[in-house]
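Geometric and topological summary
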Amino acid sequence: HFIYNSLELIRASATEHNMTEISDTALAIGKILRYSVKGEDFVTLQNELDITSSYLKIQHARFHQRFDFIINAPVEQERLYVMKMLIQPLVENSILHNIEHRDYLSIDISGKLSEDLIILCVKDNGTGMTKEQMEQILKPKTHAEKGYVFSGLGVCNVEERIRLAYGPDYGLVYNSDGYSYTEVTITFPRHQKSDPFLLQKEAKQ
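Residues numbered from 1 in each chain as written. Predicted model: local features only at pLDDT ≥ 70, side-chain atom pairs only at ≥ 80, totals over all residues. Heavy atoms only, no water.

What the five strands build is an open sheet, ordered β2-β4-β5-β9-β8; its pairing is mixed. Taken across any chain shown, the strands that pair with only one partner, and hence form the sheet edges, are β2 (67-72) and β8 (171-176). The sheet shows a mean angle of 15° between the axes of neighbouring strands, taken without regard to direction. Relative to strand β4 (residues 105-114), β2 is paired through six bridges, and the arrangement is parallel. Paired with I70 across the two strands is D108, which belongs to β4. Packed onto the sheet, helix α3 (residues 45-62) meets β2, β4 and β5 (117-124) and runs at close to 170° relative to β2. Along the sheet, helix α4 (residues 88-98) makes contact with β2, β4, β5, β8 and β9 (182-189), crossing β4 at roughly 155°. (Pairing = 2+ DSSP bridges. Helix = DSSP H or I, 4+ residues; strand = E, 2+ residues; numbered from the N terminus. Axes fitted to C-alpha atoms, helices over the stretch in contact; angles between N-to-C directions. Contact = heavy atoms within 4.5 Å.)

Here it is as structure tokens:
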């Protein structure tokens, strides 16, 4: 509560002094904190995209508007349920690995339905990845000689969570030409609130 109240104080003060960017950033941080500490494992796709947008707005301010993003989602986003924090680690990876190497970075986040599947995609116009890098980023991270390997840790966790829940046929697929773009696709079964899979998950909590 102390953190939430402090952020609200910052936001109110910034609003009073017409500091819109500071006010919006404080509001976005508060949203992400509340979202991350909630107990449920599954959220609506709309909530997941909203929190990703909040994260991107913070980074937009941090990097002085050196990148932009577009989010295109299926109209059913209010009724579809997904695992929490699937998209944010992917867009974070796009920003951290490309922002210093592009005059202007563009990130495109999209979602679509295919039969009984939800397919989410994050694509950037960054420096690309080699085949070896694409394979390495999805491997479990191990203890390195000088400490833990953090690069790609969030991405690896997304892959592991999806595979544990749904099996090896689902997860992340990377695609890149090695120099001008990287595209990562997330595929998993389609769920609605009444789905027995979700009800079973909630019962175990």
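Right, let's get into the side chain of S94. Along the chain, S94 turns up in helix α4. By relative accessible area, which is 7% here, S94 ends up buried. In this structure, S94 is in contact with I99, L105, I107, V122 and D124, ignoring residues within four places of it in sequence. (Buried < 20%, exposed > 50% of the residue type's maximum accessible area, 1.4 Å probe, protein only.)

What follows is about unusual backbone geometry. What is expected of a backbone is that most residues other than glycine have negative phi and most peptide bonds are trans. In this structure, H64 is a non-glycine residue whose phi angle is positive, near 55°. Note that H64 resides in the loop between α3 and β2. Overall, H64 belongs to the exposed group, its relative accessible area being 66%. Here E115, not a glycine, exhibits a phi torsion of approximately 55°, which is positive. Within the element layout of this structure, E115 appears in the loop between β4 and β5.

Bringing the packing of α3 against α4 into the picture now. Axis separation between α3 and α4 bottoms out at 10 Å; the angle between their running directions is 20°. Regarding the angle of α3 to α4, the classification is roughly parallel. Of the two possible hands of crossing, α3 and α4 adopt the one that is right-handed. For the pair α3 and α4, contact is made by E48, T52, Y55, L56, Q59 and R62 and by Q88, V91, E92, I95 and L96, respectively. Taken together, the residues of the contact of α3 with α4 sort by class into five nonpolar, three polar and three charged. (Parallel < 35°, antiparallel > 145°, perpendicular 65-115°, else oblique. Left-handed = near helix turned anticlockwise from the far one by under 90°. Nonpolar A, V, L, I, M, F, W, Y, C, P; charged D, E, K, R; others polar.)

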